[in-house]
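If you want the building blocks of each chain, they are given just below.
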Amino acid sequence: MFPQLTNGAINRILNGEEVANAVIQILGCRKIPGTPERYRLLISDGVTGCPFAMLGTQLNHMVSNEELGKFTIVRVDKCVCNQVQTDRKVIILLKITLLFPGSEVNEKFRNPVNSSTSGGATTNAPAVSGIVETGYSKDNVVAAHDLSMIMFPQLTTGAINRILNGEDVANAVIQILGCRKIPGAGNDRYRLLISDGVTDCPFAMLGTLLNHMVANKELEKFTIVRVDKCVCNQVQVDRKVIILLNLTVLFPGTEVNEKFGRPVSSSTSAGTITNALAVNGGVNTCYANQNAVYAHYSSMINGYAPPVLFTQFLYTMFPEVASGAITRILNGEEVANAVIQILGCKSIHGAGNDRYRLLISDGVTGCPFAMLGTQLNHMVANKELEKFTIVRVEKYLCNQVQADKKVIILFNLTVLVPGNEVNKKLGNPVCSSTDAAAATNAPAVNGVAETDYSNNNAVAAHDSSKINGSALSVPFTQLYITLPQLTTGAINRILNEEDVANAVIQILGLKRIPGALNDRYRLLISDGVISYTYVMLGTQLSHMVENKELEKFTILRVGKYVCSEDDRKVIILMNLTVLVPGNEVNKMLGNPVYSSTSGGATSNAPAVNGVAEAGY
């Protein structure tokens, strides 16, 4: 009549696994002497017992109400497992559901043995007698004054300075020492005082998408959180602000109820610290004064003498956009990690797949002729690319389209600041013609540029100067059809032993060679005029197949190749750059015919049927 216990759950929790809705049995619950109301538990999953478990204080009422008597069966809805004193672990139950009272059960299930708190190892001692029960019955085995040291996760010491120095610190555990509303901010904005136990930072802010955590009282003083996502932005000369975008609460402040360590202030220039304690003295004064950081505390923000309104940080807390980046991209330059702003994103009517057109800005120049690679469509679905979002462009392509018109296609983006954080256009961008340099005085988000952008179906004749002088109406759905030109004749020239630099070719087929010792791949390639079936991929590029970068119809640039000759010539591709993924192209370019391996001779058989495909 009773639910089955989740056998193995305790060891899995101790080993760091996420165990959803584990059903366990409580074999003992007692108050820890010398503490405020804290309760230690002896728990069992039917196979393993653990004497080092504690009840979250928010569940103390269950003890008062006599809901956690011996033999009670509960479902664990939320728990944490913390590393304590060397390799000892404690499981803390934060949310549980009572399934059966102990008075109903009245027996221990099965014969659980002791689990070592290092996760996994067990002894043969029954969980309610011998070693385990002895350990449990000795309350002072975990001395009261050691509780704060053993029940909470360690802070990630040094994390704040590393973040300020631009390092990517994954899953940093920090403590919140203060959280308060910034007066005068347009939206509800919250400033934080955070600590990693060694260093504190009074210049931290909460992303507005986390405001509900303040409303729900999840970020009270002393709360311990894991930082899942943050950005550190340069502000006013060399001042920096850390913005927390995604947090997981590990322990409520009411559980912790104390400051960890003796953190001292980090200058927001990254790294320099003073001896002022983070929650008193200079730094706390600096934090407590919401409206101004006064001159005598200016060292906290690196020597700026006049008072600095903290509300001004809202307007300087975002990364600078890379002014000039759009024109440089249109001019064919390689611009690494350009930071731009999205001023609009909308679906293109009539496109076969979901295709999105963007209005982008670098703060100086706006471009209404930008598109999102289809592999990033999930970012639109997840509302990551809303108006005013600031992104870093890690991979893009600028394609020449219809005569001398150009379209920028974004293939890989990282969101730096969500649009609802920014909530304004940065700079005063003017429209760039897609021929690369000429700009008009029309702002990018009104007048001609926005008119162009808002008209999904066509760039009307009178606005055609925006796409460089074509007198005809151009449906925007056609713009993405024009792809980089293949290097016609490249294959025969390679077979004739010419040196062909940066040839642009298309992959029409790719398959594994059966019986090869290592994974070897054979390709069917085309330059739009000629196709060739005796092509191999260098083994150092096999990962491109595994990562699905070299699918059918992919357009790529050949950085390095060799052409070997016995009685037949084989082209081996040693270095490739993908220009457009196959799922973007989705068709064969040109009408290539088959080239013989002697170099130069061709047949009339199309590359994707007849001789060529049969040979491949």
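Residues numbered from 1 in each chain as written. Predicted model: local features only at pLDDT ≥ 70, side-chain atom pairs only at ≥ 80, totals over all residues. Heavy atoms only, no water.

**Let's talk about the overall build of the chain**
Heads up, the condition is: Under the scheme used here, helices are H or I runs from DSSP no shorter than 4 residues and strands are E runs no shorter than 2 residues, and both carry numbers assigned from the N terminus. Exposure categories follow from relative accessible area, calculated using a 1.4 Å probe and restricted to protein chains: below 20% of the type maximum is buried, above 50% is exposed, and the middle band is partly exposed. Here a residue-residue contact requires only that any non-hydrogen atoms of the pair lie within 4.5 Å. Here the accessible surface of atoms and residues is derived via Shrake-Rupley with a 1.4 Å probe, and residues count as covered only by protein chains that are part of the display.
Assigned secondary structure in the chain consists of 18 helices and 30 strands. For the chain, the residues scored as buried account for 53% of the 616 residues in total. Put simply, 62% of the contacts in the chain that link residues at least 6 apart link residues at least 24 apart. Split by element, the accessible area of the chain, about 26300 Å² in all, is 48% carbon and sulfur.

**Some thoughts on the nonpolar core**
The criterion, for reference: For our purposes a nonpolar core is just a set of buried Ala, Val, Leu, Ile, Met, Phe, Trp, Tyr and Cys residues, chained together by side-chain atoms within 4.5 Å. For the domains described, the bounds stem from an automatic or database domain assignment.
With 41 residues, the main nonpolar core has Ile-360, Leu-385, Ile-408, Leu-410, Leu-413 and Ile-555 as its most contacted residues. Going through the elements one at a time, helix H11 (325–330), strand E15 (338–347), strand E16 (356–361), strand E17 (365–372), strand E18 (390–401), strand E19 (405–417), strand E24 (503–512) and strand E28 (569–580) are the ones with two or more residues in this core. In terms of residue count, the dominant contributor to this core is E19 (seven residues). Shared between two domains, this core takes at least three residues from each, and those domains are domain 3 (325–431) and domain 4 (490–594). Contact partners of Leu-410, with chain neighbours within four places excluded, come to Ile-340, Leu-358, Met-371, Leu-372, Gly-373, Leu-376, Val-393, Lys-395 and Tyr-396. Counting residues in each nonpolar core, the second largest holds 40 residues, with Ala-9, Ile-10, Cys-50 and Leu-59 among its members.

**Overview of the pairing of strand E1 (residues 22–31)**
Basically, it comes down to this: Strand pairing is assigned whenever DSSP detects at least two bridges linking the two strands.
Buried residues dominate E1, accounting for seven of its 10 residues. Bridge count between E1 and strand E2 (residues 39–44): six bridges; the pairing is antiparallel. Bridge assignment links Arg-30 to a residue of E2, and that residue is Arg-40.

**As for the pattern of salt bridges**
Going by this rule: By definition here, a salt bridge exists when the distance from a side-chain nitrogen of Lys or Arg to a carboxyl oxygen of Asp or Glu is within 4 Å.
Inspection of the entire model under this criterion finds seven salt bridges. We note a salt bridge from Arg-12 to Glu-17, for which the minimum N-O separation is 3.1 Å. Two residues, Arg-493 and Glu-498, come together in a salt bridge whose shortest N-O distance is 3.2 Å. Taking the relative accessible area as the measure of exposure, Arg-493 reaches 32% and is therefore partly exposed.

**Describing unusual backbone geometry**
Backbone geometry places Lys-217, a non-glycine residue, at a positive phi of 60°. With respect to the helices and strands, the residue Lys-217 is situated in the loop between helix H7 (211–215) and strand E11 (224–235).

**Description of the pairing of strand E25 (residues 521–526)**
In terms of residue burial, E25 counts as a mostly covered element, since six of its six residues are buried. With six bridges joining them, E24 and E25 adopt antiparallel strand pairing. Residue Arg-512 lies in a different strand from E25, and its bridge partner there is Tyr-521. Here five bridges tie E25 to strand E26 (residues 530–537), and the two strands are oriented antiparallel to one another. Note that in E26 the partner of Ile-525 across the bridge is Tyr-532. Between E25 and E26, which pair antiparallel one after the other, the connecting turn spans three residues, and Gly-528 there sits at a positive phi close to 95°.

**Considering the environment of Glu-333**
Along the polypeptide, Glu-333 turns up in the loop between H11 and E15. Taking the C-alpha atoms as reference points, Glu-333 and Cys-398, separated by 65 residues in sequence, lie 9.6 Å from one another.

**Describing the side chain of Arg-191**
Here is the rule we go by: Just so you know, the count uses Lys and Arg for positive and Asp and Glu for negative, and it drops His and the chain ends. Whenever a nitrogen or oxygen atom comes within 3.5 Å of another N or O atom, the pair is scored as a polar contact, on the condition that within protein one atom can donate a hydrogen and the other can accept it, and that pairs from neighbouring residues in sequence are kept only if both atoms are in side chains.
One can find Arg-191 in strand E9 (residues 190–195). Despite its burial, Arg-191 remains without a salt bridge, the nearest opposite charge being carried by Asp-200 at 8.9 Å. From its side chain, Arg-191 meets the backbone oxygen of Pro-202 in a polar contact 3.0 Å long.

**Considering the packing of aromatic side chains**
Short version of the rule: What counts as a ring pair is set by centres within 6.5 Å for rings of Phe, Tyr and Trp (its six-membered ring), and what kind of pair is set by the plane angle: stacked under 30 degrees, edge-to-face over 60, tilted for all other angles.
The final tally for this structure, using the stated rule, is one aromatic pair. A ring pair is formed by Tyr-532 and Tyr-534, whose centres lie 6.0 Å apart and whose planes are at 70°; its orientation type is edge-to-face.

**Some details on the environment of Phe-71**
Relative to the elements of secondary structure, Phe-71 occurs in the loop between helix H2 (60–64) and strand E4 (73–84). Distance in space between the C-alpha atoms of Phe-71 and Gly-102 is 4.3 Å, their sequence separation being 31 residues. Residue contacts for Phe-71: discarding those within four places in its chain leaves Gln-25, Ile-26, Leu-27, Gly-102, Val-105, Asn-106, Glu-107 and Lys-108.

**Overview of the confidence of the model for the chain**
Condition: Within a predicted model, pLDDT stands for the predictor's per-residue confidence, ranging from 0 to 100.
Per-residue confidence for the chain gives a mean pLDDT of 74, with 69% of residues at or over 70. Counting contacts from residues 118–134, a segment whose pLDDT is below 50, to residues more than four positions away or on other chains yields 41 contacts. Every residue in residues 434–452 is under pLDDT 50, and counting partners more than four places away or in other chains gives 55 contacts.

**Focus on the side chain of Thr-223**
Here Thr-223 lies in the loop between H7 and E11. Residues contacting Thr-223, with those up to four places away along its chain left out, are Ile-174, Gln-175, Ile-176, Glu-218, Val-249, Phe-251, Pro-252 and Gly-253.

**Quick notes on the environment of Arg-189**
Within the secondary structure, Arg-189 sits in the loop between strand E8 (172–181) and E9. It is 6.4 Å that separates the C-alpha atoms of Arg-189 and Thr-208, two residues lying 19 residues apart in sequence.

**Describing the state of the cysteines**
Note the threshold: Cysteine sulfur atoms that come within 2.5 Å of each other are treated as a disulfide pair.
Applying the stated rule across the entire model yields zero disulfides. The closest cysteine sulfur to the non-disulfide-bonded Cys-81 is located on Cys-79, 7.6 Å from its own sulfur. Since its relative accessible area comes to 26%, Cys-81 is described here as partly exposed. Free of any disulfide, Cys-398 has its nearest cysteine sulfur in Cys-367, 8.0 Å distant.

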